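Residue strings, one per chain:
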Amino acid sequence: MQDGEGIQFIESVGGLATGLRTLLTSASSSLSQQSELLWVGWPGSTISDDIRDEVRSKALSEFGCYPVFLSEQDLENFYQGFCNETIWPLFHYFPTYARYDEACWQQYRSVNESFSVTLLEAIRPDDTVWIHDYHLMLLPQLLRKSLPELRIGFFLHIPFPQFEIFRLIPGKWRRRILEGLLGADLIGFHTHDYGEYFLRSVQRILGYGHQMGQLTVGGRRVKVGAFPMGIDFKKFHDAAKLEEVEKERKELEKSLGDSKIVLSVDRQDYSKGILHRLQGFEAMLETNPEWRGKVTLIMLVVPSRIGIADYEGMKKRIEELVGKINGRFGTIGWAPIIYQYRSLPFPSLAAMYATSHVALVTPLRDGMNLVAKEYVATRHDKTGVLVLSEMAGASKELPEALIINPNNRDEIADALKTALEMPCEEQMRRNVIMQNRLRRYDVARWAMDFLAQLLSTNPVDEESHVAWLDTAVRNKLIEQYRCSAHRLLVLDYDGTLVPFAAYPEVAKPTQRVLKILNSLAADSRNELLLATGRDRATLDQWFSGVPTGLAAEHGAWIKERNGDWKMQQSLPLDWKARLLPILEMYADRVPGAFVEEKEFSLVWHYRNAMPEQGSVAARELTDHLLVFTASIDLQVLRGNKAIEIRKAGVNKGSAVQQWLAKNDFDFILAVGDDLTDEDMFAVLPPWAYSFRVGTNRTHARFRLPSPVEVLQILAELAMGEVGNKTESLDRASANPASNIPQT
Ligand code: GDG
């Protein structure tokens with residue numbers, strides 16, 4: 001703050017700051033020994049250029065803070081604009097209040113970039129950065145780009161909405177937001193539900209699936225988890241005993257006499273359900289005349305986001321309704337509602353908590369709601385009743401409260417009556433349970449849990465962190481190929497030599513593919529094997545002119561070069577007739593899904609289905625099929641957007657083994673793109689050049705981004721083609737995850 005007396009620093013007393021400070025100063029915390037804490041953030045007001053250096057050095061030396069300066073325009077378009085008029089209303093399920101303004105979005109990006117630039121001045125690559133809240137959702141990725149090894153955590157303090165709401169954000173922006181967040185190693189939410197909604201949006205919009213809340217993004221592991229934020233329990237619990245709090249409490253009790261007090265405390269915000277609360281209180285007085293004159297609602301509304309039209313309008317409506325209720329029920333000696341539009345110092349707030357018989361907390365949406373927790377914590381004698389909206393994250397942890405739906409005024413009225421008339425023993429029974437929980441999981445524990453998980457995450461997923469083919473390995477591969485006399489080249493087809501098409505029959509080999517294969521096969525030093533899931537008929541039709549070995553249906557049938565098809569094992573087929581109707585039923589239920597029948601296998605394809613519906617149905621189908629595969633020797637294989645059922649024990653691995661036994665190969669190259677190809681990677685000698693196309697976990701030694709790069713390298717082996725391949729491969733390895741949604 002800057003006034004006539006120069007620069008003044010006023011400390012924020014938020015729960016987060018207190019929690020982290022406790023954590024880093026507490027003797028019991030392992031973090032306190034080696035860590036120092038640096039706060040990086042906006043100083044709370046605009047600072048003119050001429051004093052920025054002074055503010056920076058003072059903030060750093062006296063408070064361990066590093067300021068990010070923002071201009072008036074930043075505040076207008078970034079804070080008031082994108083943060084509070086786009087993200088806040090949408091994430092709290094008020095889509096009609098949301099504005100979608102390109103200039104605000106651009107400012108949001110630019111402020112996130114400013115944070116990134118400032119942070120990079122202040123941190124070292126081995127630091128841990130914990131980013132907070134919806135204002136900085138692009139920051140994790142921005143930092144990641146500059147410091148790939150940096151440990152980054154992100155915590156969202158507000159709800160993450162369901163996909164249908166999130167998708168209201170224009171396409172390019174919402175992708176950027178999700179990609180921005182996925183730059184973090186750990187993303188925390190207050191509740192499990194918010195995390196689920198986030199993961200669903202990621203799946204629908206970016207195509208990344210997850211396993212138990214873990215995703216792999218470009219070889220990096222990203223964890224998503226629920227960390228319900230706690231409060232500084234001790235501070236609130238002990239507050240009731242402070243002299244000044246005690247004094248204020250006595251004064252309050254004196255002025256309100258025998259009247260029971262219902263307390264309401266919020267920042268002024270449409271998400272907090274302040275009007276609903278007033279209506280509920282009015283309904284209680286309407287239907288319970290015996291309580292008139294005996295109960296007072298103290299309503300504290302803390303000014304917030306002044307200047308935004310929706311907030312200004314709400315203030316007026318609150319004041320009108322308070323006036324109406326007081327006018328309707330009030331008497332000379334009793335005002336049903338005492339309304340204050342201001343912020344209170346901590347002792348006054350604690351005195352309010354300590355004096356009130358009931359706390360009425362009715363948000364329409366709230367990430368967590370700390371007021372509810374603070375009220376319970378402050379109740380030193382364990383009496384008092386919390387009435388809490390089920391729309392607050394806190395309701396998940398405080399089920400002993402009277403839980404209401406704020407959209408029903410009668411429900412609020414009934415809960416109020418129950419609260420006012422609840423016997424003391426019952427109040428205490430409920431509060432003891434809630435206090436114990438809040439004491440154990442306080443804000444320090446919350447921060448500790450988050451940081452401990454962040455520090456324990458292994459950002460490198462070993463099986464995903466397989467290297468992309470770089471120029472050095474590529475040159476070595478080519479050199480070894482040229483020098484070798486007996487080479488084995490094993491190639492998968494779909495997703496490896498050609499990209500996936502909507503329907504399998506459409507993905508025919510191109511002239512270029514056939515030319516490359518012919519050329520490779522023509523070299524007498526080469527033994528070529530196409531190992532695919534395709535059936536014999538298709539392979540015969542497409543590759544009859546190519547002198548290559550073939551393994552059809554993942555090795556169920558094998559054909560040597562110029563030989564005939566041979567069955568690997570005798571394969572019973574009676575199971576197909578039993579399973580086909582099940583697969584067809586799932587195809588009927590899921591638009592876009594279809595069944596492919598091959599000689600020895602059945603495949604349920606869901607590439608053309610809605611991603612989420614397809615994945616859910618695929619999981620269900622897999623479970624459904626387990627019943628059958630337990631008694632007959634079948635294998636259910638999850639391929640790329642397909643589930644294949646075939647005889648167990650026959651796979652590409654056994655087919656490749658047959659080829660390995662034929663010769664003493666001095667060069668082996670194998671390329672595949674899905675789970676079925678892992679069987680062949682597993683049987684290769686460790687020195688073989690094995691490649692997995694795409695970003696999924698693999699036992700292959702290297703990765704290639706797409707069939708385009710596979711063909712480039714094969715072409716070079718086949719024909720010694722040169723040109724700009726090196727450059728394009730390098731580009732691909734610099735941006736490995738580009739345009740490859742992961743399944
Ligand atoms: C966001 C999310 C999430 C209020 N009036 C006074 C005062 N307060 C303090 C309370 C409490 C805090 O402000 C309000 O916290 P809430 O959690 O209730 O709500 P938001 O401000 O919207 O916070 C929310 C939170 O982040 C944390 O993640 O729970 O869901 O929206 O601590 O005590 N403090 C003082 N005087 C007041 O008049 N001193």
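A brief look at the structure comes next. (Residues numbered from 1 in each chain as written. Predicted model: local features only at pLDDT ≥ 70, side-chain atom pairs only at ≥ 80, totals over all residues. Heavy atoms only, no water.)

1. Regarding the packing of aromatic side chains
Heads up, the condition is: Aromatic rings from Phe, Tyr and Trp, with only the six-membered ring used for Trp, were paired whenever their centres fell within 6.5 Å, and each pair was classed as stacked if the ring planes differed by under 30 degrees, edge-to-face if by over 60, and tilted otherwise. Here a strand is any run of E in DSSP of at least two residues, a helix any run of H or I of at least four, and the numbering for each starts at the N terminus. Only protein chains enter the area calculation, which uses a 1.4 Å probe; residues under 20% of their type maximum are buried, those over 50% are exposed, and those in between are partly exposed.
Throughout the structure, instances matching the rule amount to 36 aromatic pairs. Look at Y353 and Y375: their rings are 6.4 Å apart centre to centre, the planes differ by 70°, and that puts the pair in the edge-to-face class. Taken together, the residues span a long stretch of sequence, with Y353 in helix 14 (residues 346–355) and Y375 in helix 15 (residues 370–378) at a distance of 22 residues. Relative accessible area serves as the criterion here: at 1%, Y353 is assigned to the buried category.

2. Points about the site of the ligand
As a reminder, the rule being used: By convention in these notes, a residue is near a molecule or strand provided one of its non-hydrogen atoms lies within 4 Å of it. By the criterion applied in these results, polar contacts are pairs of N or O atoms within 3.5 Å in which, for protein atoms, one can donate a hydrogen and the other can accept it, and in which residues neighboring in sequence qualify only through two side-chain atoms. Working definition of accessibility: Shrake-Rupley area with a 1.4 Å probe, residue cover restricted to the visible protein chains. The residue classification treats Ala, Val, Leu, Ile, Met, Phe, Trp, Tyr, Cys and Pro as nonpolar and Asp, Glu, Lys and Arg as charged. All others, Gly included, are polar.
Neighbouring residues of the ligand: 20 residues in total, closest H157, L344, D366, L370 and E374. With respect to the ligand, the backbone of M368 contributes an N or O atom lying 2.8 Å from an oxygen atom. Between the ligand and N369 there is a distance of 2.9 Å, counted from an oxygen atom to a backbone nitrogen or oxygen. Taken by itself the ligand offers 730 Å² of open surface, and the protein chains cover 81% of this. Broken down by secondary-structure element, the contributors of at least two residues to the shell around the ligand are strand 10 (260–267), helix 14 and helix 15. Among the residues forming the shell around the ligand, the class breakdown is 11 nonpolar, 5 polar and 4 charged.

3. A few points about the nonpolar core
Across soluble globular proteins, nonpolar side chains have a tendency to be buried as a group. For clarity, the threshold we go by: The set of buried Ala, Val, Leu, Ile, Met, Phe, Trp, Tyr and Cys residues whose side-chain atoms join them within 4.5 Å is what this entry labels a nonpolar core. Whether two residues touch is decided by their heavy atoms; if any such pair falls within 4.5 Å, the residues are in contact.
Grouped together as the largest cluster of nonpolar side chains are 96 residues, with contacts concentrated most on F91, F160, I177, L182, I187 and F198. Element by element, the count of residues in this core is highest for helix 4 (residues 72–91), at 8 residues. With sequence-adjacent residues up to four places away left out, F198 is seen in contact with F160, L178, L181, L182, I187, F189 and V224. By size, the runner-up hydrophobic cluster in this structure holds 44 residues, among which are L491, L530, F667 and A718.

4. Details of the sheet that holds strand 19 (residues 549–552)
Inclusion rule: At least two bridges found by DSSP between two strands is the condition for calling them paired. Only the stretch in contact is used when fitting a helix axis, every axis being a line fitted to C-alpha atoms; angles between N-to-C directions are given from 0 to 180 degrees.
Ordered by their spatial adjacency, 9 strands build an open sheet running 16-28-27-26-17-18-19-20-21, and the pairing between neighbours is mixed. Looking at which strands have only one partner, the edges of the open sheet turn out to be strand 16 (467–468) and strand 21 (565–567). In this structure, strand 27 (residues 689–693) lies alongside strand 28 (residues 702–704), joined through 3 bridges in parallel fashion. Note that in strand 28 the partner of R692 across the bridge is R703. Set on the sheet, helix 21 (residues 536–543) makes contact with strand 18 (526–531), strand 19, strand 20 (557–559) and strand 21; between it and strand 19 the angle comes to about 150°. Along the sheet face, helix 25 (residues 675–683) touches strand 17 (487–491), strand 26 (667–672) and strand 27 and points at about 165° away from the line of strand 26.

5. Concerning helix 6 (residues 139–146)
Those residues of helix 6 that sit buried are L139, P140, L142, L143 and R144. Contact partners of the buried residues in helix 6: helix 5 (102–122), strand 5 (128–132), strand 6 (151–155), helix 8 (171–181) and strand 9 (220–226).

6. Quick word on the pattern of salt bridges
How we decide: One side-chain nitrogen of Lys or Arg within 4 Å of one carboxyl oxygen of Asp or Glu is enough to make a salt bridge.
A full pass over the atoms with the stated rule returns 47 salt bridges. Residue K234 pairs with D238 through a salt bridge whose shortest N-O separation is 2.8 Å. Placement of both K234 and D238 in helix 10 (residues 233–239) is noted, with a separation of 4 residues, approximately one turn of the helix. The residue K598 makes a salt bridge to E644 at a minimum N-O spacing of 3.3 Å. Placement of the pair is K598 in the loop between strand 22 (594–597) and strand 23 (601–605) and E644 in strand 25 (residues 642–647), with a sequence separation of 46 residues. With relative accessibility at 6%, the residue K598 sits in the buried group. Bridged by salt links that share partners, the residues E282, E286, K324, R328 and R409 form one connected network.

7. Comments concerning the pairing of strand 6
Under the convention used in this document: The crossover handedness rule: strands pointing away from the viewer, path from first strand over the helix to second strand clockwise, crossover right-handed.
Most of strand 6 sits out of view: 4 of its 5 residues are buried. Note on the crossover from strand 5 through helix 6 to strand 6: the handedness is right-handed. Across 3 bridges, the pairing between strand 6 and strand 7 (residues 186–189) is parallel. Following the sheet pairing, F155 is matched in strand 7 by G188.

8. Some remarks on the environment of G81
By the secondary structure assignment, G81 is in helix 4. Looking at G81, the relative accessible area reads 1%, which means it is buried. If sequence neighbours within four positions are ignored, G81 has contacts with L75, E76, T86, R99 and C104.

9. Looking at the sheet that holds strand 7
Strand order in the open sheet formed by 5 strands is 5-6-7-9-8, with mixed pairing between adjacent strands. Strands with a single pairing partner mark the edges of an open sheet, and in this sheet they are strand 5 and strand 8 (214–217). Neighbouring strand axes in the sheet, compared pairwise and without regard to direction, differ in orientation by 20° on average. As judged from the 4 bridges shared by strand 7 and strand 9, these two strands associate in the parallel manner. Note on strand 9: the bridge partner recorded for G188 is G225.

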